[in-house]
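Residue-level listing of the chains:
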Amino acid sequence: MLPPPQKFSGLRKDSNVKINSSLLSLKRQLGALRKKLLCTSSPKYAFIGDYSVNTDELKWLPVEPEYNESHYNAIQHGGRPVNFFAKSQSSIPELGLAIFKNATLVSEHGWVLSESKTFYPEFSWFGSNIDELCKFMHFPRYIKTTNFIKGTTLTLASDYSCKVYGHFAIDSLARLSLFYKAGFNFSDIDNIFCPKPLKGHGEILFKELGIPEDKCIWANGNRALQFETLLCPSFPGLRRNYTPLVPSFFRKALPLDHTKTKRRRLYVTRKGYARNFVNEEKIEDFLHSRGFETYNPTEQSHSHNDFAMAEAVVGISGSALTGLAFCKPDTKVLEILSEDHTYPYYFTLANAGELKFNYLVGTPEVQMSTTYGPSKSDIRVDIEDFKKAIDAMLSN
């Protein structure tokens, strides 16, 4: 006769000890494996400017000397002044091109990590603002390379450039100027790590700049790639700040026609995107009476040629004003800013291109509490202030 079934009371104490010991051993083994495969701590930071000589990790080729923007100026309209230099720096350090051996590009933003896992933030949009990069962009603590790319690779990657036209055109493509000035051309390289051209005008720019797509490794969706030899041009200025390098490059590299006698007046609309005029109809009617055409650059395939033919440009601050980089010197510009969106992007871009920069500040319809990133609120401007600003700009 079988003994009566006994109630299961769990594993014996010594069995628990063995299982816990095995788990601890497995955890240690996984930890050791991770150390072999990954960068297991936040990387240390370094700046090209910290070096007076080249190092084993990189060779630095200076191209553009330090540039001072203190002579940049703006014509204020309305009663709200803006100190554009409060969110910028009046001096931009030396720009150039660094040659790295076995460096890694992290994420689609193309953050540069040297062979010793040193991060070089000045090649990013954030520059020395490392705290913001880590806070808002979530710089990864653990970095696993997915592939090793042989040969020589040029990187044109930059923060936000895979999704935002302004960052794609100015922050990424303008780096080609430093690449050329450092003495290189496309025949010297095997690969180009860059954002995939944005549909429409981004594709046209890419083609007209002669970038060979058969050499491109698209940055979109990248996690981490390591490169045998990596050419890294500087960010073409500082975040939200641009030097004459940018408009000068596009004027020379693109077939822009600045010679036409009939000039255009462009009202650059943001319809379909955030940050529009609350009183759009009144604004538009008045501008039409002054010879402006409503112009949406996202609907044009060759907007660089349209901006090149402009004698005056009016628009709300935002990526749609990227076309200022293609304008002829002395083109008149009126940027409409919101009280919660007073960044110096187009103040510096217009001055870098020797344009006549004017501005007027409006009131956001919804007060934004954010201290980082663009305002998404529509803007209300005093129509009389706006009329006076337009007439004053056109008469000067």
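Look up: the structure comes first, before these words.
Owing to the predicted nature of the structure, the values given are computational and were not obtained by experimental measurement. (Residues numbered from 1 in each chain as written. Predicted model: local features only at pLDDT ≥ 70, side-chain atom pairs only at ≥ 80, totals over all residues. Heavy atoms only, no water.)

Asks: Looking at this structure, I do not really get the layout of surface pockets. What am I missing?
Replies: Over the atoms rolls a probe the size of a water molecule, and in doing so it shows where empty space is left. Volume-wise, the largest pocket comes out at about 1,000 Å³. Together, 44 residues line the largest pocket, and Val 164, Tyr 165, Gly 166, Gly 318 and Ser 319 are the ones closest to its centre. Considering every element that reaches the lining of the largest pocket, the biggest residue donor is helix 3 (residues 165-172), with 5 residues. In the lining of the largest pocket, the residues fall into 18 nonpolar, 18 polar and 8 charged. (1 Å grid on protein atoms, 1.4 Å probe; cavity = no way out; pocket = protein on both sides within 12 Å on 5 of 7 lines; lining within 4 Å. Points joined across faces, edges and corners; volume = space filled by probe spheres on them. Helix = DSSP H or I, 4+ residues; strand = E, 2+ residues; numbered from the N terminus. Nonpolar A, V, L, I, M, F, W, Y, C, P; charged D, E, K, R; others polar.)

Asks: Teacher, can you tell me more about the side chain of Thr 322 here?
Replies: With respect to the secondary-structure elements, Thr 322 resides in the loop between strand 17 (310-316) and strand 18 (332-338). Those residues in contact with Thr 322 that sit more than four places away from it in its chain are Tyr 165, Gly 166, Ala 169, Ile 170, Tyr 346 and Leu 349. (Contact = heavy atoms within 4.5 Å.)

Asks: Can you walk me through the pattern of salt bridges in this structure?
Replies: Pairs can form between side chains of opposite charge once their charged atoms are near each other. Evaluation of the coordinates by the stated rule reveals 11 salt bridges. With its nearest N and O atoms 2.7 Å apart, the salt bridge here joins Glu 64 to Lys 181. You can see Glu 64 sitting in strand 2 (residues 58-64) and its partner Lys 181 sitting in helix 4 (residues 176-181), a full 117 residues away along the chain. Given the relative accessible area of 21%, Glu 64 is considered partly exposed. With its nearest N and O atoms 3.9 Å apart, the salt bridge here joins Glu 384 to Lys 387. (Salt bridge = Lys/Arg side-chain N within 4 Å of Asp/Glu carboxyl O. Buried < 20%, exposed > 50% of the residue type's maximum accessible area, 1.4 Å probe, protein only.)

Asks: I keep staring at the packing of aromatic side chains and nothing clicks. Help me out?
Replies: A ring pair, where both rings are aromatic, is described by two values, the distance of the centres and the angle of the planes. Within this structure, the stated rule accounts for 28 aromatic pairs. Taking the centre distance of 5.2 Å and the plane angle of 85 degrees together, the rings of Phe 84 and Tyr 359 count as edge-to-face. Residue Phe 84 is found in the loop between strand 4 (75-77) and strand 5 (91-92), and its partner Tyr 359 is found in strand 19 (residues 356-364); the two are separated by 275 residues along the sequence. Each of the two residues, Phe 84 as well as Tyr 359, counts as buried. Between the aromatic rings of Phe 249 and Phe 250, the centroid separation amounts to 5.2 Å while the plane-to-plane angle is 55 degrees, which identifies the pairing as tilted. Assigned by exposure class, Phe 249 and Phe 250 land together as buried. (Phe/Tyr/Trp six-rings, centres within 6.5 Å; stacked < 30°, edge-to-face > 60°.)

Asks: Looking at this structure, how should I read unusual backbone geometry?
Replies: Glycine aside, a negative phi is what most residues show, and trans is what most peptide bonds show. The backbone of Lys 117 shows a phi angle near 70 degrees, a positive value even though the residue is not glycine. Judged by its relative accessible area of 29%, Lys 117 is partly exposed. Non-glycine residue Glu 354 carries a positive phi angle of around 60 degrees. Within the secondary structure, Glu 354 sits in the loop between helix 9 (345-352) and strand 19.

Asks: Would you mind showing me how to read the pairing of strand 15 (residues 264-268) here?
Replies: Side chains on a regular strand alternate between the two faces of the sheet. Inspection of the sheet shows strand 15 paired to strand 17 by 5 bridges, in the parallel sense. Following the sheet pairing, Arg 264 is matched in strand 17 by Ala 310. The pairing of strand 15 with strand 16 (residues 293-295) spans 3 bridges and is classified as parallel. Within strand 16, the residue paired with Tyr 267 across the bridge is Thr 294. Crossover handedness for the path strand 15 to helix 7 (residues 280-289) to strand 16: right-handed. (Pairing = 2+ DSSP bridges. Right-handed = clockwise from strand over helix to strand, strands pointing away.)

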